[in-house]
Amino acid sequence: MIKDSYKTKLSPKEVDAVSEKILTWTFKTRANKKDIIRLRISVEEALLSFLDRYGEGLDVTVSYIVRLDTYIVELSCAAEPFHPFAKDDIHTDDWSNEILCSMGQKAIYRYKDGNNRLIFSIPKKRYNSEIFLVVAILLAVAFGVMGSYIPEVVKDTITAYGLDLISTVFLHMLGIFSGLVIFFSLVNGMCGMGSVSDFSKVGRSIITRYIVLAFAGGSVLTFLATFFFRFEWGGGVNGNSVLDQIKEIILSIFPSNPISPFLEGDMLQIIFLAVLAGILLLTLGERVGGIRRFIGQGNDFITKGVGIVCKFLPVFIFSSFLSMFWSMGFGVFKTLWKPIVVTLVLGMAIPLFKLLEVSIRFRKSPFVMIRSLSKTLLVSFVTASSIIAYPVAREELTEKLGIEKQFVEFAFPVGINMYTASYMLVYLSTVLYLAEQSRTPVSVIWIVLAGFFSIVFAIATPTVSGGTLICIGIMLNNLKLPAAGLALAGSLTIVLDFYLTGIRNFSRALDIYITAKKFGKVNEAVLPNKKG
């Protein structure tokens, strides 16, 4: 909602007045002080550019808007089209700009009904959601220990009418969005990739590289991961023969109508519909621009809904864990080390391979590369957030590795959604572990489906706390694994999220360097080749 607005005649003095007005608006907010400073500087730059273009006396309206988790400042002026930051936007495309804007790193420019509009946003300072999840688990452990002193009839009553009720309601709320969030995320991603790849040869190369890495790397990781687990071989998703399974899977991809996949939660059909819709939208281009905008807005709407539901994730984790402790005891965690070790080992192989590639192809010392990206690695490990790590990564990629700033601002945000080879491991190791523990019969087809779902969901995961839990719940349902494993899956994502975010951001930075070298976007004087 609009909290305040300020109308003025543009002049050098009024540029300072607007900056002070923004400081007044944001002084007592829950925004990071550095973000506020960056916002004021960006607004001042935009107004000075308008001043140079149109001269003094232009009517400018400055609006201050507050949404659930974002502070927004919007500049509006009636004049001929002019993007004040276009000169810095060499690699402009709607998708990466939207991502950067949502991160508070760039303004969105629009021209409509004769008005230039610049929209600046900065996020509210967020509390680390992982801390609340850890606290929920610790509380569940504490009450679980106390369970030995509570009569069984009391525990059964609390479990049936309290803990299980909370867990069921939460899962049903997530179920409202589960199919839609995957559909909108995939279609929106395909439309975004289309706008990037259509923009330039650089865009096509980056998108192609990310897609190939996601599926080729995911396939290799799926193959290697199977050697760490002991399965009940000979069955499948439905226990049929291999040929019957192949036939059934092929037939099950194609829905009889566009509604039933969402009602039944058939993820293969939802993915098929999403890919089909994405191809049609890309083929028709601007003729269906309204539908593409609706898809983007729908994706934002669904993601926001998931985010609201997932604010209660700590309550679900507490209820699920306490119920599990009281019914099964603490022995359920004795073998939980296995998926953790598998993810740690295979996840480390990804950056090591990238470091080897950089060392062989470009004669760069692996130790120098690690030192050059050390802050990115550290911030990612500590915060488990690509958004928080982005300013640090941008600084190191430009100042320590010599990559053009515009190239980094284009490639990094695209990779936030597309660079998933490491993060798919948390999905894969979880379902393989649960299949082993539940003795679910599996086959080669089942393993292939598990790997495929892991890759696709890693790309389509909602960027909210608890988004991984939605995807894992969908996988459990489609792979016929017990739903009780969702609580264990939640603990795995909490433990591994920090590590995988660090691995992903570091590996993505190395890939950006590789691609930048290919297109001559690196200042070689910044990081010379190693001798010899």
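Residues numbered from 1 in each chain as written. Predicted model: local features only at pLDDT ≥ 70, side-chain atom pairs only at ≥ 80, totals over all residues. Heavy atoms only, no water.

**A look at the packing of aromatic side chains**
For step 1, the next point in the chain: If you walk through the whole model with that rule in mind, you get 17 aromatic pairs.
For step 2, the next point in the chain: Seen from their ring centres, Phe170 and Phe316 are 4.8 Å apart, and the 20 degrees between their planes marks the pair as stacked. In this pair, Phe170 sits in helix 5 (residues 152–199) while Phe316 sits in helix 11 (residues 313–328), placing the two residues 146 residues apart along the sequence.
For step 3, the next point in the chain: Assessed through its relative accessible area of 6%, Phe170 is described here as buried.
For step 4, the next point in the chain: Ring centres 6.4 Å apart and planes at 65 degrees place the aromatic pair Phe184 and Phe294 in the edge-to-face group. One end of the pair, Phe184, is in helix 5; the other, Phe294, is in helix 10 (residues 289–309), with 110 residues separating them in the sequence. (Phe/Tyr/Trp six-rings, centres within 6.5 Å; stacked < 30°, edge-to-face > 60°. Helix = DSSP H or I, 4+ residues; strand = E, 2+ residues; numbered from the N terminus. Buried < 20%, exposed > 50% of the residue type's maximum accessible area, 1.4 Å probe, protein only.)

**Observations concerning helix 1 (residues 12–26)**
For step 1, the next point in the chain: Taking 1.5 Å per residue, 15 residues should reach 21 Å; helix 1 reaches 22 Å between its end C-alpha atoms and fits that length.
For step 2, the next point in the chain: Within helix 1, burial applies to Glu14, Val15, Val18, Ser19, Ile22, Trp25 and Thr26. Seen end-on, helix 1 carries its buried residues on one side only, within an arc spanning 150 degrees. When the buried face of helix 1 is taken as reference, the exposed residues oriented beyond 90 degrees from it are Lys13 and Thr24. (Expected span 1.5 Å × (residues − 1). Arc of directions from axis to C-beta.)

**Looking at the nonpolar core**
When a protein is soluble and globular, its nonpolar side chains tend to lie buried together.
For step 1, the next point in the chain: By size, the foremost hydrophobic cluster in this structure holds 90 residues, and its most contacted members are Ile182, Trp446, Phe453, Phe457 and Leu479.
For step 2, the next point in the chain: Per element, the largest residue contribution to this core is 12 residues, and it comes from helix 18 (residues 444–460).
For step 3, the next point in the chain: Filtering out sequence-adjacent residues up to four positions away, Ile182 remains in contact with Met267, Phe457, Ala460, Cys471 and Ile474. (Core = buried A, V, L, I, M, F, W, Y, C linked by side-chain atoms within 4.5 Å. Contact = heavy atoms within 4.5 Å.)

**Some remarks on the pairing of strand 2 (residues 59–66)**
For step 1, the next point in the chain: Taking burial as the measure, the 8 residues of strand 2 include 6 buried ones, the bulk of the element.
For step 2, the next point in the chain: Here strand 2 runs beside strand 3 (residues 70–78); their pairing, made up of 7 bridges, is antiparallel. By the bridge assignment, Ser63 is partnered in strand 3 with Glu74. (Pairing = 2+ DSSP bridges.)

**A few points about the pattern of salt bridges**
For step 1, the next point in the chain: Taken as a whole and judged by the stated rule, the model has 12 salt bridges.
For step 2, the next point in the chain: Residue Lys9 pairs with Asp59 through a salt bridge whose shortest N-O separation is 2.8 Å. In this pair, Lys9 sits in strand 1 (residues 2–9) while Asp59 sits in strand 2, placing the two residues 50 residues apart along the sequence.
For step 3, the next point in the chain: Residue Lys400 pairs with Glu396 through a salt bridge whose shortest N-O separation is 3.7 Å. (Salt bridge = Lys/Arg side-chain N within 4 Å of Asp/Glu carboxyl O.)

**So, the confidence of the model for the protein chain**
For step 1, the next point in the chain: Residues with a pLDDT of 70 or more make up 84% of the protein chain, whose mean pLDDT is 80.
For step 2, the next point in the chain: Element-level mean pLDDT values for the protein chain span from 52 in helix 3 (residues 94–102) up to 90 in helix 13 (residues 366–372). (pLDDT = per-residue confidence, 0-100.)

**Quick notes on unusual backbone geometry**
For step 1, the next point in the chain: Phi at Asp113 is positive, roughly 55 degrees, even though this residue is not glycine.
For step 2, the next point in the chain: Secondary-structure assignment places Asp113 in the loop between strand 4 (108–112) and strand 5 (115–123).
For step 3, the next point in the chain: For Arg363, which is not glycine, the phi torsion reads 55 degrees and is therefore positive.
For step 4, the next point in the chain: Summarising the element assignment, Arg363 is placed in the loop between helix 12 (337–362) and helix 13.

**Some words on the environment of Thr440**
For step 1, the next point in the chain: Tracing the chain through its elements places Thr440 in the loop between helix 17 (424–438) and strand 7 (441–442).
For step 2, the next point in the chain: In this view, Thr440 contacts Glu232, Ala435, Lys480, Leu481 and Pro482; residues no more than four positions away in its chain are not counted.
For step 3, the next point in the chain: A polar contact of 2.7 Å, which involves the side chain of Thr440, links it to the side chain of Ser438. (Polar contact = N/O pair within 3.5 Å; in protein donor to acceptor, adjacent residues only side chain to side chain.)

**Considering the packing of helix 17 against helix 18**
For step 1, the next point in the chain: Taken N-terminus to C-terminus, the directions of helix 17 and helix 18 make an angle of 145 degrees; their axes are 8 Å apart at the nearest point. Where helix 17 crosses over helix 18, the two elements pack in a sense that is right-handed. Along its contact with helix 17, which presents Met424, Tyr427, Leu428, Val431, Leu432 and Ala435, the element helix 18 presents Trp446, Ile447, Ala450, Gly451, Ser454, Ile455, Phe457 and Ala458.
For step 2, the next point in the chain: Grouping the amino acids of the contact of helix 17 with helix 18 by side-chain chemistry returns 12 nonpolar, 2 polar and no charged. (Axes fitted to C-alpha atoms, helices over the stretch in contact; angles between N-to-C directions. Left-handed = near helix turned anticlockwise from the far one by under 90°. Nonpolar A, V, L, I, M, F, W, Y, C, P; charged D, E, K, R; others polar.)

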